[in-house]
Amino acid sequence: MLKAIGARSIADLFSPIPAEYRLGRDLKVPRQMAESEIVDWFRERSRENGDGYASFLGAGAYFHYRPVIIDSLISRGEFLTAYTPYQAEISQGTLQAIFEFQTMICELTGMEVANASMYDGSTGAAEAVMMAVRLTGRHSVLVARSVHPEYREVLATYAHHQGLPIAEVPFGKDGRIDVKALENSITPDTACVLIQSPNFFGTIEDAEAIAEIAHKNGAMLAVSIAEAVSLGIVEPPRKADIIAMEAQSFGVPLGFGGPYCGVIATKEKYVRQMPGRLTGQTVDSNGKRGFVLTLATREQHIRREKATSNICTNQALVALMVNIFMTIYGKVGLRELAKQNLAKTAYAAGQFGKHASILFDSSPRFNEFVLETSEDPYAINGRVLGHKIVGGLPLKKFYPELGNASLWCCTELTTRSAIDTAVGVVAESENSIRVDQGESFEEESEVMP
Amino acid sequence: MKHPSLKSRLQVNQNEGLIFEKSSPGKAAWKLPPLDVPDVDPAKLLGASERKDLGNMPEVSEIEIIRHFTRLSTWNYAIDLGMYPLGSCTMKYNPRVNEVVSRLEGLANGHPYQPERISQGALRIIKTLSECLNEITGMDAITLQPAAGAHGELTGLLMVRAYHESKGAARKKVLIPDSAHGTNPATAAMVGYAVENLKSNSRGMVDVEALSAQMNEDVACLMLTNPNTLGVFEQEIHKIADILHAKGGLLYMDGANMNALVGKVRPGDFGVDVMHLNLHKTFSTPHGGGGPGSGPVAIKKILEPFLPKPVVVTKPDGTLAFDYDRPQSVGRVRAYYGNFGMFVRALAYTFANGPDGLRQTTEDAVLNANYVRKGLEGVFDLPYDTPSMHEVVFSDKIQARKGAKTMDLAKRLIDYGFHPYTTAFPLIVPGALMIEPTESESKEELDLFVEAMKSIAAEVEEEPETVLSAPHSTRVSRLDETTAARKPVLRWKP
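The rules behind the values
- Residues numbered from 1 in each chain as written.
- Chains lettered and ligands numbered in written order.
- Predicted model: local features only at pLDDT ≥ 70, side-chain atom pairs only at ≥ 80, totals over all residues.
- Domains from an automatic or database assignment.
- Helix = DSSP H or I, 4+ residues; strand = E, 2+ residues; numbered from the N terminus.
- Nonpolar A, V, L, I, M, F, W, Y, C, P; charged D, E, K, R; others polar.
- pLDDT = per-residue confidence, 0-100.
- Axes fitted to C-alpha atoms, helices over the stretch in contact; angles between N-to-C directions.
- Parallel < 35°, antiparallel > 145°, perpendicular 65-115°, else oblique.
- Left-handed = near helix turned anticlockwise from the far one by under 90°.
- Contact = placed C-beta atoms within 7 Å.
- Core = buried A, V, L, I, M, F, W, Y, C linked by C-beta atoms within 7 Å.
- Buried ≥ 20, exposed ≤ 12 C-beta atoms within 10 Å, placed from the backbone.
- Pairing = 2+ DSSP bridges.
- Right-handed = clockwise from strand over helix to strand, strands pointing away.

### What to know about the domain arrangement of chain A
Residue and element names in this part refer to chain A.
- Taken domain by domain, chain A holds domain 1 (54-64 + 331-446) and domain 2 (69-326).
- For domain 1 versus domain 2, the distance between C-alpha centres works out to 29 Å.
- A per-element tally of the side of domain 1 that touches domain 2 places helix H12 (residues 316-353) first, with seven residues.
- Considering only residue class, the side of domain 1 that touches domain 2 consists of 16 nonpolar, six polar and four charged.

### Here's the deal with the confidence of the model for chain B
- Counting all residues, the mean pLDDT for chain B is 95, and 99% of those residues have values of 70 or more.
- As scored by the predictor, the complex reaches a pTM of 0.96 and an ipTM of 0.96.

### Quick notes on the packing of helix H13 (residues 377-385) of chain A against helix H14 (residues 416-431) of chain A
All names here are of chain A.
- Remark: H13 packs on H14, axes separated minimally by 10 Å, with the N-to-C direction vectors making an angle of 135°. As summarised for this structure, H13 and H14 are arranged oblique, according to the angle between their axes. Here H13 runs over H14; the crossing is right-handed. Across the interface between the two elements, Ile-380, Arg-383 and Val-384 from H13 touch Ala-422, Val-425, Val-426 and Ser-429 from H14.
- The residue inventory of the contact of H13 with H14, partitioned by class, reads five nonpolar, one polar and one charged.

### As for the nonpolar core
- Core analysis: the biggest nonpolar cluster contains 313 residues, and Val-129, Cys-192, Leu-194, Ala-222 and Val-322 of chain A together with Leu-251 and Tyr-252 of chain B have the highest contact counts within it.
- Beyond its immediate stretch of four places on either side in the chain, Val-322 of chain A contacts Phe-101, Ala-247, Phe-250, Gly-251, Val-252 and Cys-261 of chain A.

### Some details on the domain arrangement of chain B
All names here are of chain B.
- Taken domain by domain, chain B holds domain 1 (1-41 + 54-75), domain 2 (97-350) and domain 3 (355-468).
- The C-alpha centroid of domain 3 is placed 29 Å from the C-alpha centroid of domain 2.
- Of the residues lining the interface, 18 residues belong to domain 2; the matching set on domain 3 comes to 21 residues.
- Of the residues that constitute the side of domain 2 that touches domain 3, the class distribution is seven nonpolar, eight polar and three charged.

### Focus: the pairing of strand S3 (residues 140-144) of chain A
Residues and elements named next belong to chain A.
- Counted residue by residue, S3 has five buried out of five residues, so it is predominantly covered.
- On S3, burial covers both faces: Ser-140, Leu-142 and Ala-144 on one face and Val-141 and Val-143 on the other are all buried.
- Here four bridges tie S3 to strand S5 (residues 190-196), and the two strands are oriented parallel to one another. What sits directly across from Val-143, in S5, is Leu-194.
- Two strands pair when backbone bridges link them, and S3 and strand S4 (residues 166-169) are joined in this way by four bridges, in the parallel orientation. Counted as the bridge partner of Val-143 is Glu-168 from S4.
- Where the polypeptide runs from S3 across helix H8 (residues 149-160) and back to S4, its parallel neighbour, the crossover connection is right-handed.

### Points about unusual backbone geometry
All names here are of chain B.
- In this chain, Asn-226 is followed by Pro-227 through a cis amide linkage whose omega measures -5°.
- Tracing the backbone through its elements, the reader meets Pro-227 in the loop between strand S4 (219-225) and helix H9 (237-246).
- Note that the residue after Phe-425, namely Pro-426, is joined by a cis bond; omega there is 5°.
- Within the secondary structure layout, Pro-426 lies in the loop between strand S11 (422-423) and strand S12 (432-435).
- With a phi close to 70°, Ser-284 is a non-glycine residue in the positive phi region.

### Topic: the interface of chain B and chain A
- At the junction of the two partners, chain B supplies 166 residues and chain A supplies 158 residues.
- Among the elements that make up the side of chain B that touches chain A, the one with the highest residue count is helix H10 (residues 340-376) of chain B (20 residues).

### Some remarks on the sheet that holds strand S15 (residues 405-409) of chain A
All names here are of chain A.
- Within the open sheet, the four strands sit side by side as S11-S12-S15-S14. Their pairing is antiparallel. Each of the sheet's edge strands pairs with one partner strand only, and the pair in question is strand S11 (357-359) and strand S14 (393-394).
- The sheet contact formed by S14 and S15 spans two bridges and is antiparallel. Bridge pairing in S15 links Leu-393 to Leu-407.

### Some points on the sheet that holds S11 of chain B
Residue and element names in this part refer to chain B.
- Strand order in the open sheet formed by three strands is S10-S12-S11, and the pairing between neighbours is antiparallel. At either margin of the open sheet sits one strand with a lone partner, and together these are strand S10 (392-395) and S11.
- Note: S10 against S12, four bridges, orientation antiparallel. Each bridged residue has a counterpart across the sheet, and for Ser-395 the counterpart in S12 is Ala-432.

And the structure:
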């Protein structure tokens, strides 16, 4: 090949690089490993990573069963190793799958259009807010404090250089957005109100009432949905203008936080301000149905600095997992699945509630609840961990005002015996606080910001 | 019309409607275990919030789902089927061991909020990959949080801005060469910077004199892709960095083309202050039909205080932990820690290569691009004859005389069993054909590609209509994109 090129050596090919910058040594990275060694190394890491623990963690990342055919199908090289479907004639598989994905997301959210995916729920929520700002021409934002704290942090990062003041609306005793406070803080410059439902505490917000307040003031309502399975049994916020969803619950592994699958859904009239790729139906030159990426004039590769967003890559393969999951459970299964989540959570809340207090108990919830203990939840979790169970998420780092509260999640995979074991530890703690308080779990308290 | 190639052959594949068209009540592909807790009445628990109906969600059986998606998959082109010469996209082989290790239970089921003491495996992976990427790029620190390249650009520019703010003023604008990716200007706008275009010189490189003239105290940074989108190494990179640094500006490198540099030269050594990597390009994580990506941002020491939080640190007892106490941080750009599953794959790729393999990968990528260039020189117009690194950009100037534009040639390439190259980019080359073979291709596959391209060029002369109406061998012919955009149909309706 060198001869064909007319070069004497590989070094010739690198002669455009000024000599003083060329690396004259080996990179200091681990030596080349055989496949068996690679598998061993990661197996070791897997073992160090909570393998075999049951868990009550949710908080935006949910452990649901993943039917095996999801991985069988997404592992097909034609899906796994394909590029973005810009060349429609040889990408009809990916394109039709996205079209079906968009359709199912619309069905589930009650919106008219959905995009082909965003990075995740947090960036999707931030993009939804930016979209509302473009649509209303207004320049301030109200965010419920009951929205996932890390979503709020991402929004703050995104909004910081757009000259977008963000104000937080507190939650009331019922764990939902404080409607009075919302009414008092909304102004003629409010572009949108961002809520999450079920919110970070698992409580279902009254989206209809909030939409009314927003719309009365000329603002939009953007709703973040972090637990997609809730859509099987909880009425979607149909009065919202924009829904930003995290679809991880639909067949995507927890994977220590990613990759996940954000989605934005909205009304048809707003589609030209929606960020992200979109697939549309059309016909070929013989009149046959086919699909293409469309409305690209919103996007960065056409509009450059005037684009709706800088987003380019989305989460296509993850969206395909979500797609397959939605297809498997479908119209009946999704409801039954959601109902099991409801039942496990109701049981757990009932059992824990016998020994400690369940906050926001007056509001409807899906599969999470807030437990308030007398003892530091990190200490309790330390003992729960001894049973190979990860307890609920202590909330004090995100919500210091909630003291010893922690957020517990149950899904269809949570067993009664795990619930009973954890309840036993909490009961013991409540019964003998004085004895346990001496122990220190300082290390655990550094987990959260 | 004769069949055009040794490589491809028409084959029967299945028709398949939309999944909704196969749905009928009573079909199911799911089964839940019996409840081990008392059943509940949703109406009682949820009241008015209870959902009664799931609309047009499908009801199908498992074999139907398997067939549905398998049939759809056969309508896709993929790296696994053949060469994917998409310039700047780096469509290299996606090793399967990466997929296996990313699915190991502890990694696939790890919850982002599980206690650190049972997260040491994930933290070790993050730390080890960070160290490898710092070494490969010659930078001092890195964040793996950004979810994709464009997201990395955003993160990088946020750090640039925070840096300038810490020095007193954020500055006003970002310089971007006319050959840049569209994400660069879109990102600069999101961070509140004005975009100023920088012209390329006759060799396709940054015009250093123009840069000197445009550089002043208002410029926050230059966003430079190196090798640039012509596949050309910016030979005056040291001067470029000096010009920026002399006026307090920073050099941002778009690492989309890092595949041309790994193991041979390190951006940190030639003056780059901040850069992003695309793990789905250089580090072999699968494109998956358009994502997920991962866009780590590597930086020099001066930018370290501004890294997104949290960062991974080693505690005195040797265990790893997240540090959230970063008062100067730009904040968070994503929930949790980034696309962790992609870190696992990228690290497995790094292990499989080691120092020798990484260097050879780069050498092979550059060798392959130059081999293709040599094979097609003279057949296609080469607008810049500057030496190529990992990709080469031709133009359709010769073929356009017969009416065949770059997109037509690309569509015809499909009939020959190849994915099209990147068309009409970079913008500085009218009618560009941007070709990046990557290191994954054998000489045999490259020869087939060169032969196909030559054959298409001959067809343009002899039977241009064949090229203009291509592709001829696909399930669908050219699709009506205009109607799709004018009257958007974005979902199925019963």
